[in-house]
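# Survey of secondary and tertiary structure
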Amino acid sequence: GTIATLDSAFGISGTPSLAVHPTGDAFVTWRQGTGADDRIWAADFDAVNGWDPPTFLTDSGSLASRNPAAAFAGDDVFALWTQNYLLGTAGTLTTGIFGKVAANGAAFGATEQLDPMTSSTDRARVVAAVNRGAAAWIQDDLVLVDEWTGAWGGATAVVTTSDEPLAAFLATNEDGDRALLWTAQTLSVDLYAIRYDGLTHPWGPVELVAQRAL
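Below is a short write-up of the structure. Keep in mind that this is a model prediction, so the values were computed, not measured.

Reading guide: rules and limits
Residues numbered from 1 in each chain as written. Predicted model: local features only at pLDDT ≥ 70, side-chain atom pairs only at ≥ 80, totals over all residues. Heavy atoms only, no water. Helix = DSSP H or I, 4+ residues; strand = E, 2+ residues; numbered from the N terminus. Rg over C-alpha atoms; globule rule 2.2 N^0.38 Å. Buried < 20%, exposed > 50% of the residue type's maximum accessible area, 1.4 Å probe, protein only. Contact = heavy atoms within 4.5 Å. Areas by Shrake-Rupley, 256 points an atom, 1.4 Å probe, with all protein chains shown as cover. Lys, Arg positive; Asp, Glu negative; His and termini not counted. Charge placed at Lys NZ, Arg CZ, Asp CG, Glu CD. Pairing = 2+ DSSP bridges. Axes fitted to C-alpha atoms, helices over the stretch in contact; angles between N-to-C directions. Phe/Tyr/Trp six-rings, centres within 6.5 Å; stacked < 30°, edge-to-face > 60°. Patch = residues over 30% accessible without salt bridge, like charges linked within 9 Å, V, L, I, M, F, W, Y side chains within 5 Å. Salt bridge = Lys/Arg side-chain N within 4 Å of Asp/Glu carboxyl O. Polar contact = N/O pair within 3.5 Å; in protein donor to acceptor, adjacent residues only side chain to side chain.

## A look at the overall build of the protein chain
- Of regular secondary structure, the protein chain possesses zero helices and 17 strands.
- Taken over the C-alpha trace, the protein chain has a radius of gyration of 18 Å; the compact-globule value for 214 residues is 17 Å, and the two agree within 12%.
- Seen through its C-alpha atoms, the protein chain measures out along the principal axes to roughly 50 × 45 × 35 Å.
- Here the protein chain holds 214 residues, and 42% of them are scored as buried.
- At a minimum sequence separation of 6, the contacts of the protein chain that also span at least 24 residues come to 38%.
- Element-wise, carbon and sulfur atoms account for 55% of the exposed surface of the protein chain, whose accessible area totals about 10,900 Å².
- Within the protein chain, one finds 10 positive and 25 negative side-chain charges whose respective centroids are separated by 5 Å.

Laid out in structure tokens, this is it:
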């Protein structure tokens, strides 16, 4: 088709994330602004009518940062991003994981902060199957996960024997089975994985997939 300009012509756009539905509908998020007023924007694509006008998911001046993430399954749409905020009375600026969910074809709900609000976060990931979703991110030298089944259930740490996670990746199928993969570095660079059973709902044991000495 023809090229469509999605951004709002305000500030610099970047770091887009695209989620596609089997019907051909799509949902894209991106960061846009001039620095301190960066926001996370989104646009919907209807396979019949094309792209809707862009709308922003965060408030003005939200200091949204890094890569947003998007997921789309059934009538549920997920948007996740990192955003700066002031922590505690000392006013320390740190970064948290924030998200919005449009469930059952409805409009997006309120913005929620998913991380435990103790230190800076990074590498937000989100996936979705019908009526369920999951998020993962890095915080405090751990990989954390959160499950959505109509509401977010709360962050849980995936404990590893290795420090300094560098990147995390999350995948799912329509049955809600998931795989979480991440790299970590101590005296070696290690690749770890953990699997989730969508029927019985436990996360399995952490498995060391590969290891390479520095």
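Once the structure has been displayed, the description carries forward.
## Focus on the sheet that holds strand 12 (residues 142–148)
- Within the open sheet, the four strands sit side by side as 10-11-12-13. Their pairing is antiparallel. Each edge of the open sheet is held by one strand with a lone partner, namely strand 10 (121–129) and strand 13 (156–158). Taking each pair of neighbouring strands and ignoring which way they run, the sheet shows an average axis angle of 25 degrees.
- Note that strand 12 and strand 13 share three bridges and pair antiparallel.

## Concerning the packing of aromatic side chains
- Taken as a whole and judged by the stated rule, the model has eight aromatic pairs.
- Geometrically, the ring pair formed by Phe78 and Trp152 is edge-to-face, given 6.1 Å between the ring centres and 75 degrees between the ring planes. Placement of Phe78 in strand 7 (residues 76–87) and of Trp152 in the loop between strand 12 and strand 13 is noted, with a sequence separation of 74 residues between them. Of the two residues examined, Phe78 and Trp152, each falls in the buried class.
- Centre to centre, the rings of Tyr196 and Trp203 are 5.0 Å apart; their planes meet at 55 degrees, and the pair counts as tilted.

## Description of a negative patch on the surface
- Taken together, Glu174, Asp175, Asp177 and Asp197 make up a surface patch of like negative charges.
- In this structure, Asp177 sits in the loop between strand 14 (165–172) and strand 15 (178–185).
- Judged by its relative accessible area of 30%, Asp177 is partly exposed.

## Examining the pattern of salt bridges
- Counted by the stated rule, this structure contains four salt bridges.
- As a salt-bridge pair, Asp38 and Arg31 come within 3.7 Å of each other at their nearest N and O atoms.
- Among the residues examined, Asp38 registers a relative accessible area of 12% and is labelled buried.
- Among the salt bridges present, the one from Asp122 reaches Arg123, with a minimum N-O distance of 3.7 Å.

## Things to note about the sheet that holds strand 17 (residues 207–213)
- Judged by pairing direction, the sheet is antiparallel, and its four strands sit side by side in the order 14-15-16-17 without closing on themselves. Strand pairing shows two members of the sheet lacking a second neighbour, strand 14 and strand 17, which therefore form its edges. Strand-to-strand, the axes of this sheet are offset by a mean angle of 10 degrees, without reference to chain direction.
- Relative to strand 15, strand 14 runs antiparallel, the two sharing seven bridges. What sits directly across from Phe169, in strand 15, is Leu181.

## Describing the side chain of Asp190
- Mapped onto the elements of the fold, Asp190 is located in strand 16 (residues 188–196).
- Arg212 provides the closest opposite charge to the buried, salt-bridge-free Asp190, at an N-O distance of 10 Å.
- A distance of 2.7 Å separates polar atoms of two side chains, one belonging to Asp190 and the other to Ser188.

## Some thoughts on a nonpolar patch on the surface
- Where nonpolar side chains cluster on the molecular surface, the patch consists of Leu18, Val20 and Trp51 and spans about 290 Å² of accessible area.
- Considering the arrangement of structural elements, one finds Val20 in strand 1 (residues 12–20).
- Here Val20 falls in the exposed class, since its relative accessible area comes to 52%.

## Structural notes on the pairing of strand 12
- With six of seven residues buried, strand 12 lies mostly within the body of the structure.
- With seven bridges joining them, strand 11 (residues 132–139) and strand 12 adopt antiparallel strand pairing. What sits directly across from Ala136, in strand 12, is Val145.
- Connecting strand 11 to the antiparallel partner strand 12 that follows it, the hairpin turn spans two residues, and Asp140 within it adopts a positive phi of roughly 55 degrees.

So yeah, pure geometry; function would need other evidence.
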